[in-house]
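# A look at the structure
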Amino acid sequence: MRIAAEQLSELIGRAPDSISALKPTNDGWEADVEVLELERVPDTTSVMATYRVSLDKEGDLVSYERTRRYTRGQIDRRG
């Protein structure tokens, strides 16, 4: 996961903040990576994004997409 996070960072120009989900797939792995997109003061108003990344069996990044943007202090109301 560290290697994939580094690859994502190189592509989007921002460092991953955390991994919020990780699951195996038939072709490798799929993960949701939280990224700080815009730092603000106070910190709770900073803009975060969730990127879904697909990794092959060796852990190399195959694809990624931004699936969500939100403020850091926002509560997730999705079921």
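The coordinates are above.
The text that follows walks through the structure, step by step, so that each part is easy to find. For clarity, every value in this text was computed on a predicted model and none was experimentally measured.

## Examining the environment of aspartate 60
Relative to the elements of secondary structure, aspartate 60 occurs in the loop between strand E3 (47–56) and strand E4 (61–71). Residue classification places aspartate 60 among the partly exposed residues on the basis of a relative accessible area of 34%. Counting along the chain gives 56 residues from aspartate 60 to alanine 4, while the straight-line C-alpha distance between them is 5.8 Å. Among all residues touching aspartate 60, those that are not within four sequence positions of it are Ile3, Gln7, Ser54 and Leu55. Reaching out from aspartate 60, the side chain makes a polar contact with the side chain of glutamine 7 at a distance of 3.3 Å.

## Brief notes about the pattern of salt bridges
Per the counting criterion, the structure on display carries seven salt bridges. Across the pair arginine 72 and aspartate 17 runs a salt bridge whose closest N-O atoms are separated by 3.8 Å. Of this pair, arginine 72 sits in the segment after E4 while aspartate 17 sits in strand E1 (residues 16–24), and the two are 55 residues apart along the sequence. Relative accessible area serves as the criterion here: at 30%, arginine 72 is assigned to the partly exposed category. Between arginine 66 and glutamate 37 there is a salt bridge; the shortest N-O distance is 3.1 Å. Here the residue arginine 66 occupies a position in strand E4, and glutamate 37 occupies one in strand E2 (residues 28–38), the gap between them amounting to 29 residues.

Conventions used here
Residues numbered from 1 in each chain as written. Predicted model: local features only at pLDDT ≥ 70, side-chain atom pairs only at ≥ 80, totals over all residues. Heavy atoms only, no water. Helix = DSSP H or I, 4+ residues; strand = E, 2+ residues; numbered from the N terminus. Buried < 20%, exposed > 50% of the residue type's maximum accessible area, 1.4 Å probe, protein only. Contact = heavy atoms within 4.5 Å. Polar contact = N/O pair within 3.5 Å; in protein donor to acceptor, adjacent residues only side chain to side chain. Salt bridge = Lys/Arg side-chain N within 4 Å of Asp/Glu carboxyl O.

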